[in-house]
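Now for the letters of each chain:
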Amino acid sequence: MINQSNNENLQPGFEKLFTDHDLSEKKIYEKLIRLENFTAETKILKKIIKSYETLLKGEKKPIFQFNEYDKLEFSKLLNDEHKLARYVVYRYKYKTYPIEKIIDEYPPCVQIEPASICNFRCVMCYQTDTSFSSKKDGYMGFMKFELFKKIIDELEGKVEAITFASRGEPTLNKKLIDFLDYCKDKFVAIKINSNLSNLNKELAEAIFRNNVQTLVISADAPDKVNYEKIRVKGNFEKLVRNMELLIDVKKKFPDSPTIIRASGVKISDNQNFNKMKEVYGKFTDSVAFVNYLPWESSYENKNNSIYKPCSDLWKRIFVWWDGIINPCDYDYKSLLSKFNYKEFTIKEAWNSEHYNDLRNKHLKNERSKIYPCKGCTNI
């Protein structure tokens, strides 16, 4: 079921969002005050608690508040206070560090690219740029398990959020199940973004067995015609069949906290959100539209007048299949990169002079001096 009343306090990037949960602000507060014995980062927890005390008293705008999607994630961890404590600290860092411009030793989130190759050619994606997606140009490939293991070994205990996604379709990597097995119980927020076209029973079982926090399914329209116009080379009937497979496999894992979300990029008035909820709501815990970002033309987009710093520089970092470390995936050809994981760690890149120079330029309203940042609309 989809809770149709939850359309407030959406996190940046969401145009519309509906989730299924029953958490009140009071219930969250009551749970928070019981978490102090489960985290070493008590200063952050106390800030969150104080913010909720302010919220419940209605005195002023709180400095931090879980949005509707956070609440869904929160609700899945109510019976595991160790993980819940780790989660609330991670979410605080992810959401407030870009605002307060705080840099820890590690970013709150690391996005790892199992594959830069994709089997779709979605109209709003950089895969339509043949100078990128052509095999001869060197951007296409799959991450090897040895490199992946090295990355995870560095991040375990330092970072709580790992997202399997970026320029390609992660499930095309034949080692993805091994990746998931290796990550089991090492992170509190593992997410996979997928078009779901390559799903099979074994992969579905690995997702639930390893307690992946969220599986985000790219589903931009609730009907065959519009879905296949946007997700070029996709097949609507196959998408629905694989959603049914997911639900069938999930029955074998009744205690799995995995959230299934259908998410589309809003690019056309033909994408009806109420219909999205009707069609995909019966398979998922959440349905969302995210705002369009012109990825498909990153290097041709005109300079814009946005001066606010990009939040990515304070909340996440990307590691491509070949080890290249990059600030974002809008820059899908890695023009901003100066690091490869084969020579530098995540910690070294994140705290490097190069990264700090990018941050400082953004803070000084100098996005227009950075290519391709000057054409990007992300804040």
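See the structure shown above.
Residues numbered from 1 in each chain as written. Predicted model: local features only at pLDDT ≥ 70, side-chain atom pairs only at ≥ 80, totals over all residues. Heavy atoms only, no water.

### Digging into a nonpolar patch on the surface
A cluster of nonpolar residues, Val123, Val232, Ile267 and Tyr292, forms a patch on the protein surface that exposes about 280 Å² of accessible area. The topology assignment puts Tyr292 in the loop between strand E7 (286-291) and helix H12 (312-315). Tyr292 gets classed as partly exposed once you look at its relative accessible area, which sits at 34%. (Patch = residues over 30% accessible without salt bridge, like charges linked within 9 Å, V, L, I, M, F, W, Y side chains within 5 Å. Areas by Shrake-Rupley, 256 points an atom, 1.4 Å probe, with all protein chains shown as cover. Salt bridge = Lys/Arg side-chain N within 4 Å of Asp/Glu carboxyl O. Helix = DSSP H or I, 4+ residues; strand = E, 2+ residues; numbered from the N terminus. Buried < 20%, exposed > 50% of the residue type's maximum accessible area, 1.4 Å probe, protein only.)

### Description of the packing of helix H1 (residues 25-32) against helix H2 (residues 42-57)
In contact at an axis separation of 10 Å, H1 and H2 are set at 150° when each is read in the N-to-C sense. Considering the angle they form, H1 stands roughly antiparallel to H2. Of the two possible hands of crossing, H1 and H2 adopt the one that is left-handed. In this structure, H1 contributes Glu25, Lys26, Ile28, Tyr29 and Leu32 to the contact, and H2 contributes Leu45, Ile48, Ile49, Tyr52, Glu53, Leu55 and Leu56. Of the residues in the contact of H1 with H2, the class split is nine nonpolar, no polar and three charged. (Axes fitted to C-alpha atoms, helices over the stretch in contact; angles between N-to-C directions. Parallel < 35°, antiparallel > 145°, perpendicular 65-115°, else oblique. Left-handed = near helix turned anticlockwise from the far one by under 90°. Contact = heavy atoms within 4.5 Å. Nonpolar A, V, L, I, M, F, W, Y, C, P; charged D, E, K, R; others polar.)

### Re the nonpolar core
Nonpolar side chains in soluble globular proteins generally cluster together in the buried interior. Phe164 and Tyr280 are the most contacted members of the largest nonpolar core, which totals 79 residues. Residues contacting Phe164, with those up to four places away along its chain left out, are Ile112, Pro114, Phe148, Pro170, Leu176, Phe179, Leu180, Cys183, Ile190, Lys191, Ile192 and Asn193. Among the nonpolar cores identified, the runner-up in size contains 27 residues, and Val89, Tyr90, Ala161 and Ala189 belong to it. (Core = buried A, V, L, I, M, F, W, Y, C linked by side-chain atoms within 4.5 Å.)

### Focus on the state of the cysteines
This structure, assessed with the given rule, holds zero disulfides. Just so you know, Cys109 is unpaired, no disulfide at all, and the nearest cysteine sulfur is the one on Cys183, 12 Å from it. Free cysteine: Cys373, not disulfide-bonded; nearest cysteine sulfur from Cys328 at 6.1 Å. (Disulfide = S-S within 2.5 Å.)

### Considerations on the packing of aromatic side chains
Two descriptors summarise a pair of aromatic rings, namely the distance from one centre to the other and the angle between the planes of the rings. Across all of its chains, the model carries 26 aromatic pairs by this definition. Pairing Phe66 with Tyr87 gives two aromatic rings, centres 6.4 Å apart and planes at 15°, and the pair type is stacked. Taken together, the residues span a long stretch of sequence, with Phe66 in the loop between H2 and helix H3 (68-75) and Tyr87 in helix H4 (residues 81-100) at a distance of 21 residues. As far as burial versus exposure is concerned, Phe66 and Tyr87 are alike and both buried. Taking 6.1 Å as the distance between ring centres and 50° as the angle between the ring planes, the aromatic pair formed by Trp350 and Tyr355 counts as tilted. Note on accessibility: Trp350 and Tyr355 belong to one class, buried. In this structure an aromatic cluster arises from ring pairing among Tyr52, Phe64, Phe66, Phe74, Tyr87, Tyr90, Tyr92 and Tyr94. The positively charged end of Arg261 is found above the aromatic ring belonging to Tyr69, 4.8 Å away from the centroid. (Phe/Tyr/Trp six-rings, centres within 6.5 Å; stacked < 30°, edge-to-face > 60°. Lys NZ or Arg CZ within 6 Å of the ring centre and 35° of its normal.)

### Overview of the environment of Lys342
Tracing the backbone through its elements, the reader meets Lys342 in the loop between strand E10 (339-340) and helix H13 (346-350). Along the chain, Lys342 and Arg91 lie 251 residues apart, while their C-alpha atoms are 29 Å from each other. Among all residues touching Lys342, those that are not within four sequence positions of it are Lys150 and Asp322.

### Regarding the pattern of salt bridges
Oppositely charged side chains can pair when the atoms bearing their charge come close. All chains considered together, the criterion is met by 27 salt bridges. As a salt-bridge pair, Asp70 and Lys95 come within 2.6 Å of each other at their nearest N and O atoms. Of this pair, Asp70 sits in helix H3 while Lys95 sits in helix H4, and the two are 25 residues apart along the sequence.

### Overview of the side chain of Ser133
As for its position among the elements, Ser133 is in helix H5 (residues 130-133). Accessibility expressed as a relative area gives 10% for Ser133, which makes it buried. Among the polar contacts listed, one links the side chain of Ser133 to the backbone oxygen of Gln127, at a separation of 2.9 Å. Contacts of Ser133, omitting those with residues within four sequence positions, involve Arg121, Gln127 and Met140. (Polar contact = N/O pair within 3.5 Å; in protein donor to acceptor, adjacent residues only side chain to side chain.)

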